[in-house]
Amino acid sequence: MGRLLSFFINKNDVSRYPGFGIITLLFFLFLYLPIMVIIAFSFNENKIVSVWNGFSTKWYTSAINNQTLVDSLQVSLTVAFISTFIATVIAVSAALALTRGDDIKNKNFSIMVVNLPLMLPEIVFAVAILILFSLLGVQNGMLKLILAHTCFCIPFAFLPIRARLQGMNNNLEHASQDLYATPWVTFRRITLPLIMPGVFAGGMLSFVISMDDFITSNIVSGGGATTLPVYIFSLVKQGVSPELNAISTLIMVASLLIATPALYFATKK
Amino acid sequence: MTKAVQIKGVSKKYGSYQAIKKVSFDIHDNEFFTLLGPSGCGKTTLLRMIAGFETPTTGNIILHGQNIENLPANKRRVNTVFQNYALFPHMNLEENIGFGLEMLGWKKDKRECRVNEMLKLVHMEQFAKRFPSELSGGQQQRIALARALAPEPEVLLLDEPLSALDLKLRQAMREELQDLQRQTGITFIFVTHDQEEALAMSDRICVLAHGEIQHLDSPINIYENPTNRFVADFIGDTNFLDVNVTGSNVHATSIETPLGINIDVPASGVKVGQDAVMSLRPEKISINKSVDGVSLPGRVMHRTYMGGYTHYTIQLSSGADLRVSMRNNISNNINYDLNEAVTLGFSPASVRVLGE
Ligand SMILES: Nc1ncnc2c1ncn2[C@@H]1O[C@H](COP(=O)(O)OP(=O)(O)OP(=O)(O)O)[C@@H](O)[C@H]1O
Ligand SMILES: [Mg+2]
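Residues numbered from 1 in each chain as written. Chains lettered and ligands numbered in written order. Predicted model: local features only at pLDDT ≥ 70, side-chain atom pairs only at ≥ 80, totals over all residues. Heavy atoms only, no water.

Going by what an unreviewed UniProt entry lists, chain B is known as Spermidine/putrescine import ATP-binding protein PotA and is assigned to Neptunomonas qingdaonensis. Its UniProt record gives chain B a comment under Sequence similarities (unreviewed entry), which states: "Belongs to the ABC transporter superfamily. Spermidine/putrescine importer (TC 3.A.1.11.1) family." (UniProt positions renumbered as here; feature names shortened; annotations may be inferred.)

An unreviewed UniProt entry annotates chain A as Spermidine/putrescine transport system permease protein PotC originating from Neptunomonas qingdaonensis. The record held by UniProt for chain A lists under Sequence similarities (unreviewed entry) the comment "Belongs to the binding-protein-dependent transport system permease family. CysTW subfamily." The UniProt entry for chain A carries the following comment under Function (unreviewed entry): "Required for the activity of the bacterial periplasmic transport system of putrescine and spermidine."

Here it is in structure tokens:
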């Protein structure tokens, strides 16, 4: 971002154009004003969301004491962790096979097939998986969510892992085997540590996508498991409450706390 | 002499492309053996088949009497120094060098001992805790060598290990490599496309082109008695002239040359009437000094001063051009000017006749 900005400044000196400051300000307002409004009104005493009449943290207390909310958060986290783990393992195997396998036929076609769900409208995927589950007779809500999330997380995990593998010199793996390491030891001692930033990025991406998912979770929910976004949506249907603002603010803070070190480690070599 | 590696009828096909065409040769124990050839001739392919990264399409590879062509790379007592070193970037130098030993199940203290010995061998003791990214190219090269030598392989494979270094360092490393080979007594199979490097370091050289062996012999024999036109051209510099073979027996070959003289030169396999060329190295020709009765008038057309040498191109009155290389030393620092009339002499014994 900074580099992009300075590129424009150096090349064209945009900053000297009239109105540059105003436009920049408007841009950031456009991006962050809604978020700031939510944060501000989460501290509003009044039950009517848009009328300010004093500072209070009571909505936070009520959010934390809301058992349905806590349950749905737990469901979301469990689903996100398990499906991220499975999706990342599958993505690593797929990426290894598709970048290192010499004798794989239709390699490009296979890569396309792995990535295709990225292009598919999610609603189509969600309906398809719902039909599949009813055909197979899968009833357990948690199981349904985990299976569905694992499915759509795989391509997101696959992309950065494959990029990392492609960027890694496969002579390193040859060198390891040359020095008497078995294929498995080579994977554990050489390949995995070196593609770890990609695995981490892929895992983070999966996790965020899973936590954030609404359409699929909403359609396959039932069977006793509701994710956080689905629960929030049910709250919105009853009207926007300050408690919702408090929940949103909490999620935002949590995301920042997780994402900042994650970004830091991912960009570190 | 025992055989370290035997290559028996080995060929390699990539799809429909024949990278190696049925080659057979032996590499002796304790030998510095070089595979030399132009880019794309199959040197790396051959080396990778010995290392185990590639399976031969046909043929056998035998390491000290044992068939290894179907053994995975990690089961062959052969180590490789890769062209771009391939040091593990997430391990420090100690860990890099100790990796092979660890895989062979060496105990920690024994391993440390050996690693230190190796670091000393390549003069890198003080760098043990550094990471590969903190080293210069030449230092990485040394660590790659130490890592490959540490497990005491039966054969060490080196794929153009010096090509990424600058000229001075490359020359210094040549000697270091030779010393290392003598000290360790390990068989080296060295790949290069640099003929000078090959001549300087090898006990024997195998010249490859288009996946076939052109000539396998000692550096002197390869330079002095090349088997064909390709080898004479690829190794060193030479003058080629088309000749007619007028007589051929076991003692000598008689040729009719475009220099305006007919001479008897050392015997070659070329038969009367066959298409042939003569090869005459520039340093085997003298200026203004007749040798063995040969004295050919000509004129200096071109002169290139190279410091230790001066290269001349002489146009003979017969119309042929010959390149001549004169060493600039105390007894011979005469310079010939452009267009100056000179005579050239050479011994017919230094002419080689080669079939196409
Ligand atoms: N994996 C492969 N698939 C298809 N063709 C290949 C493969 N590896 C090598 N070749 C071909 O085989 C031939 C020999 O390649 P090789 O790498 O052995 O050459 P080289 O002698 O080592 O050349 P250089 O000096 O450039 O390294 C080349 O023409 C190359 O294009
Ligand atoms: Mg090569």
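### Points about the site of ligand 1
All names here are of chain B. Residues in contact with ligand 1, as listed here, are Tyr14, Tyr17, Ala19, Ser39, Gly40, Cys41, Gly42, Lys43, Thr44, Thr45, Glu160 and His193. Between ligand 1 and the protein, one listed contact pairs an oxygen atom with a side-chain N or O atom of Thr45 at 2.5 Å. For the shell around ligand 1, the secondary-structure elements that each account for two or more residues are strand S2 (17-28) and helix H1 (43-51). Among the elements that make up the shell around ligand 1, the one with the highest residue count is H1 (3 residues). For the shell around ligand 1, the residue count by class is 4 nonpolar, 6 polar and 2 charged. (Near = heavy atom within 4 Å. Polar contact = N/O pair within 3.5 Å; in protein donor to acceptor, adjacent residues only side chain to side chain. Helix = DSSP H or I, 4+ residues; strand = E, 2+ residues; numbered from the N terminus. Nonpolar A, V, L, I, M, F, W, Y, C, P; charged D, E, K, R; others polar.)

### Describing the pattern of salt bridges
Residues and elements named next belong to chain B. Inspection of every chain in the model, using the stated rule, returns 15 salt bridges over all chains. Among the ionic pairs, Arg114 bridges to Glu152, the shortest N-O distance being 3.8 Å. In this pair, Arg114 sits in helix H3 (residues 108-121) while Glu152 sits in the loop between helix H4 (137-149) and strand S7 (155-159), placing the two residues 38 residues apart along the sequence. Because the salt bridges share partners, they merge into one network encompassing Arg114, Glu117 and Glu152. (Salt bridge = Lys/Arg side-chain N within 4 Å of Asp/Glu carboxyl O.)

### Quick look at the sheet that holds strand S15 (residues 285-287) of chain B
All names here are of chain B. As summarised here, the arrangement of the 5 strands in space is S15-S19-S16-S17-S18, forming an open sheet in which the pairing is antiparallel. Either end of the sheet is taken by a strand with one partner, and the two such strands are S15 and strand S18 (321-327). Neighbour-to-neighbour, the strand axes of the sheet open up by a mean angle of 45 degrees, direction not taken into account. Sheet topology note: the strand S16 (residues 296-305)/strand S19 (residues 341-346) ladder contains 4 bridges and is antiparallel. If you follow Arg299 over to S19, its bridge partner there is Ala341. (Pairing = 2+ DSSP bridges. Axes fitted to C-alpha atoms, helices over the stretch in contact; angles between N-to-C directions.)

### Description of unusual backbone geometry
All names here are of chain B. Even without being a glycine, Lys22 presents a positive backbone phi close to 40 degrees. In this structure, Lys22 sits in strand S2. The phi torsion at Tyr85 lies on the positive side, around 70 degrees, for a residue other than glycine.

### Some details on the packing of aromatic side chains
Scanning the entire structure with this criterion turns up 14 aromatic pairs over all chains. Pairing Phe32(B) with Phe190(B) gives two aromatic rings, centres 5.6 Å apart and planes at 50 degrees, and the pair type is tilted. Separated by 158 residues along the polypeptide, Phe32(B) in strand S3 (residues 32-36) and Phe190(B) in strand S8 (residues 187-192) bring together distant segments of the chain. Each member of the pair, Phe32(B) as well as Phe190(B), carries the same accessibility label: buried. Linked through ring pairs, Phe43(A), Phe55(A) and Tyr60(A) together constitute an aromatic cluster. (Phe/Tyr/Trp six-rings, centres within 6.5 Å; stacked < 30°, edge-to-face > 60°. Buried < 20%, exposed > 50% of the residue type's maximum accessible area, 1.4 Å probe, protein only.)

### Some remarks on the domain arrangement of chain A
All names here are of chain A. Per the domain assignment, the segments making up chain A are domain 1 (2-60) and domain 2 (61-267). The C-alpha-based centres of domain 1 and domain 2 are spaced at 30 Å. Taken together, the contact between domain 1 and domain 2 spans 12 residues of the former and 14 residues of the latter. Counting the surface lost from both domain 1 and domain 2, the interface buries some 1,100 Å², and carbon and sulfur atoms represent 67% of this. (Domains from an automatic or database assignment. Contact = heavy atoms within 4.5 Å. Buried area = accessible area lost by both parts, 1.4 Å probe.)

### Comments concerning the pairing of strand S6 (residues 78-81) of chain B
Residues and elements named next belong to chain B. Neither face of S6 is left uncovered, since the one carrying Val78 and Thr80 and the one carrying Asn79 and Val81 both have all their residues buried. Two strands pair when backbone bridges link them, and S6 and S7 are joined in this way by 4 bridges, in the parallel orientation. Bridge pairing in S7 places Val78 opposite Val155.

### Considering the side chain of Asn239(B)
Mapped onto the fold, Asn239(B) is located in strand S11 (residues 239-248). Among residues more than four places away in sequence, those in contact with Asn239(B) are Met278(B), Ser279(B), Leu280(B), Arg281(B), Pro282(B), Ile285(B), Asp321(B), Leu322(B) and Arg323(B).

### Points about the domain arrangement of chain B
Residues and elements named next belong to chain B. In terms of domains, chain B is made up of domain 1 (3-229) and domain 2 (237-283 + 296-355). Each of domain 1 and domain 2 was reduced to a C-alpha centroid, and the two centroids are 38 Å apart. Contact residues are listed per partner, giving 8 residues for domain 1 and 7 residues for domain 2. Both faces combined, the contact of domain 1 with domain 2 buries some 690 Å², and carbon together with sulfur accounts for 46% of it. Sorting the residues of domain 1 by area buried against domain 2 places Tyr223, Pro226 and Arg229 first, and these three jointly supply 75% of that buried surface. For the pair domain 1 and domain 2, the interface holds 0 salt bridges. Considering each element in turn, the side of domain 1 that touches domain 2 owes the most residues, 3 residues, to helix H7 (residues 219-224). Of the residues in the side of domain 1 that touches domain 2, the class split is 3 nonpolar, 3 polar and 2 charged.

### Describing the interface of chain B and chain A
Each partner contributes to the interface: chain B provides 25 residues, whereas chain A provides 16 residues. Around 1,900 Å² of area is buried between chain B and chain A when both sides are counted, 64% of it from carbon and sulfur atoms. Three residues, Asn74(B), His90(B) and Met103(B), lead the burial of chain B against chain A; their summed loss comes to 28% of the area buried on that side. At the boundary of chain B with chain A, the tally comes to 1 salt bridge. Across the pair Glu102(B) and Arg189(A) runs a salt bridge, and its minimum N-O distance is 2.8 Å. Inspection of the region where chain B meets chain A yields 6 residue pairs in polar contact (both at pLDDT 80 or more). Only H1, S6 and helix H2 (93-103) of chain B provide two or more residues apiece to the side of chain B that touches chain A. Considering each element in turn, the side of chain B that touches chain A owes the most residues, 4 residues, to H2(B). Partitioned by chemical class, the residues of the side of chain B that touches chain A number 15 nonpolar, 5 polar and 5 charged.

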